[in-house]
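In case you want the letters, here they are:
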Amino acid sequence: MERTKTLLVKNADMLVTMDAARREIRGGGIYVENNRIVAVGPTAELPQTADEVIDATGHIVTPGLVNTHHHMYQSLTRAVPAAQDAELFGWLTNLYKVWANLTPEMIEVSTLTAMAELLLSGCTTSSDHLYIYPNGSRLDDSIRAAQQIGMRFHAARGSMSVGQKDGGLPPDSVVENEDAILADTQRLIETYHDEGRYAMLRVVVAPCSPFSVSRDLMRESATMARHYGVSMHTHLAENVNDIAYSREKFGMTPAEYAEDLGWVGHDVWHAHCVQLDDHGIGLFGRTGTGVAHCPCSNMRLASGIAPIKKMRLAGVPVGLGVDGSASNDGAQMVAEMRQAMLLARVGFGPDAMTAREALEIATLGGAKVLGRDDIGALAPGMAADFIAFDLRQPLFAGALHDPVAALAFCAPSQVALSVIDGRVVVKGGVLQTVELGPVIERHNRLAGQLAQAAR
């Protein structure tokens, strides 16, 4: 029988629990056994010894942030000139021909790079929507990277099956056979999916979008997901062209289309939903269908301002997503949280989102969207996933009267500490699991090869 490993974090200037009482504890701490939290409270009330003790003096500690939508391979194609000033459909059309040259090595290295950026910006759990599989690429390449770097991971098996010749948006060269998609999805679920509490790896069924897969694939994917008890994810109602396509091809709004295909419920979340109408918001609220809000991407592609306050008032679960690094062009979770708050205010007034609401969306909101009740808060029985920011940096100076609000209002900070599943992954602001220099050098070399291949 393995010996219990203990971890004590003590003396935090502020500990944000996000528990049921939303406690914010000055001088707080956390006591961990193996991968779960045993006690949270004032440091004086916790055990005073542990196998590893971390003094969090001068820091704010929060639950780890949860990223509900990403395309990690896109970190290879940031700021591509041909796609810098396009809306969604034009942006995709310009980039598909570049992504057609992706390789398994590129998928793995770009996932490592994207996850490193996420980890250093406070993310401890991330989904990734990989929907393009050229040249022998597989979702296994992403999964291998997540296991190496130590991130809690929801790996979404995306797919595209309707190419241009059949009225879809992607080139025919990058779409897959639907039987092959379903067979590979089943393989991945049976090989990797962990439904247990504190799972580090789950598999998600995730056809790319209404404009790149068939009705049959959407329905069959939902049937498979519910047979295995796994989550479902896709893009929906991202911009006005998305709405127009849905009306022209299906005679329905995107929300009506999703409902018709069985793509609503607590086990489903949709990315963007910028143009979700009142009917769709009501439908998602009644059924518990989640939304991944991606403010930076929505601004970059001029898709609009998602009505997040209206969604939350209607009971729609909302999480935060950085989206792919070709439409953000970063993967900075604290920056995304800040942007969510600021964009909501631009669209709907200064009370549209508070700093604490932004943090809640980035933690508890994301956990709910991913169908988890073991992450997103610091409380006994929860997974030991938490982060700390150094409040002694210039960017926080003058804001220490409310360090919780400062996280959202002040300039984004990198984490000083990140603990995932009870394991210290970032310490002193340095990633502990992977040596970043060689990864970034390799990533940049591969990005150059990818750009060259598309010429």
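A.B. asks: Provide a residue-level description of the overall build of the protein, including the pertinent values.
C.D. replies: Looking only at helices and strands, one finds 14 helices and 19 strands in the protein. Against the globule reference of 23 Å for 455 residues, the protein gives a C-alpha radius of gyration of 21 Å, in line with a compact fold. The principal-axis extent of the C-alpha atoms belonging to the protein is close to 65 × 45 × 45 Å. Counting the 455 residues in the protein, one finds 61% classified as buried. A separation of at least 24 residues holds for 75% of the contacts in the protein among residues at least 6 apart in sequence. For the protein, the accessible area works out to roughly 16400 Å², and carbon and sulfur atoms hold 51% of it. Positive and negative side-chain charges in the protein, numbering 38 and 51 respectively, have mean positions lying 3 Å apart.

A.B. asks: Before we move on, can you summarise helix 12 (residues 355-369) with the specific residues and values?
C.D. replies: In this model, helix 12 (15 residues) spans 20 Å end to end at C-alpha, consistent with the 21 Å of a helix rising 1.5 Å per residue. At I361, helix 12 is bent by approximately 40°, the largest bend along its length. Burial in helix 12 covers these residues: A355, A358, L359, I361, A362, T363, G365, G366, A367 and V369. The positive-phi residue at the C-terminal boundary of helix 12 is G371, with phi of around 75°.

A.B. asks: Provide a residue-level description of the environment of R247, including the pertinent values.
C.D. replies: One can find R247 in helix 6 (residues 240-250). C-alpha of R247 to C-alpha of Y257: the two residues are ten residues apart in sequence and 9.3 Å apart in space. Once residues lying within four places of it in the same chain are set aside, the contact partners of R247 are M252 and T253.

A.B. asks: Got a sec to walk through the sheet that holds strand 1 (residues 6-12)? Specific residues and values, please.
C.D. replies: Spatial ordering of the open sheet is given by 5-4-1-6, a layout of four strands whose pairing is mixed. For this open sheet the edge positions go to strand 5 (36-42) and strand 6 (52-55), each flanked by a neighbour on one side alone. Taking each pair of neighbouring strands and ignoring which way they run, the sheet shows an average axis angle of 15°. Pairing geometry for strand 4 (residues 28-33) and strand 5, over six bridges, is antiparallel. Directly across from V32, in strand 5, lies its bridge partner I37.

A.B. asks: Summarise the environment of R423; cite the residues concerned and give the values.
C.D. replies: Among the secondary structure elements, R423 is positioned in strand 18 (residues 423-427). Its relative accessible area of 42% is what places R423 among the partly exposed residues. Note: C-alpha distance between R423 and I181 (242 residues apart in sequence) is 35 Å. Dropping the residues within four chain positions of it, R423 is found in contact with G150, S418 and T433.

A.B. asks: Can you lay out the pattern of salt bridges for me, pointing to particular residues and giving the numbers?
C.D. replies: Summed over the entire model, instances satisfying the criterion amount to 30 salt bridges. Here E24 and R356 are joined by a salt bridge, their closest N and O atoms 2.8 Å apart. Remark: R356 occurs in helix 12 and E24 occurs in strand 3 (residues 24-25); sequence separation between them is 332 residues. Judged by relative accessible area, which is 32%, R356 ranks as partly exposed. The closest approach of N and O atoms between R144 and E108, which form a salt bridge, is 3.2 Å. Of this pair, R144 sits in helix 3 (residues 139-149) while E108 is found in helix 2 (residues 104-120), placing the two residues 36 residues apart along the sequence. For R144, a relative accessible area of 39% gives the class partly exposed. Taking the relative accessible area as the measure of exposure, E108 reaches 17% and is therefore buried.

A.B. asks: Tell me about a nonpolar patch on the surface, and name the residues and values.
C.D. replies: Taken together, the side chains of I305, V346 and F348 present a nonpolar region at the surface, about 280 Å² in accessible area. Relative to the helices and strands, F348 is located in helix 11 (residues 333-348).

A.B. asks: Pulling in residues and values, what's your account of the nonpolar core?
C.D. replies: Core analysis: the largest hydrophobic core is formed by 149 residues, its most contacted members being W91, W99 and F386. Considering each element in turn, this core owes the most residues, ten residues, to helix 2. Residue contacts for W91: discarding those within four places in its chain leaves Q74, A83, A86, W99, R300, L301, A326 and S327. Residues A156, Y198, W269 and A271 belong to the second largest nonpolar core, which totals 13 residues.

A.B. asks: Which residues make up the state of the cysteines, and what values go with them?
C.D. replies: Taken as a whole and assessed by the stated rule, the structure comprises zero disulfides. C123 forms no disulfide, and the closest cysteine sulfur to it belongs to C294, at a distance of 13 Å. Relative accessible area serves as the criterion here: at 0%, C123 is assigned to the buried category. In this model C296 remains outside any disulfide bridge; the closest cysteine sulfur is found in C294, 9.4 Å from its own. The class of C296 is buried, set by a relative accessible area of 13%.

Cut-offs applied
Residues numbered from 1 in each chain as written. Predicted model: local features only at pLDDT ≥ 70, side-chain atom pairs only at ≥ 80, totals over all residues. Heavy atoms only, no water. Helix = DSSP H or I, 4+ residues; strand = E, 2+ residues; numbered from the N terminus. Rg over C-alpha atoms; globule rule 2.2 N^0.38 Å. Buried < 20%, exposed > 50% of the residue type's maximum accessible area, 1.4 Å probe, protein only. Contact = heavy atoms within 4.5 Å. Areas by Shrake-Rupley, 256 points an atom, 1.4 Å probe, with all protein chains shown as cover. Lys, Arg positive; Asp, Glu negative; His and termini not counted. Charge placed at Lys NZ, Arg CZ, Asp CG, Glu CD. Expected span 1.5 Å × (residues − 1). Bend = angle between axes of the 7 residues up to and from the residue. Pairing = 2+ DSSP bridges. Axes fitted to C-alpha atoms, helices over the stretch in contact; angles between N-to-C directions. Salt bridge = Lys/Arg side-chain N within 4 Å of Asp/Glu carboxyl O. Patch = residues over 30% accessible without salt bridge, like charges linked within 9 Å, V, L, I, M, F, W, Y side chains within 5 Å. Core = buried A, V, L, I, M, F, W, Y, C linked by side-chain atoms within 4.5 Å. Disulfide = S-S within 2.5 Å.

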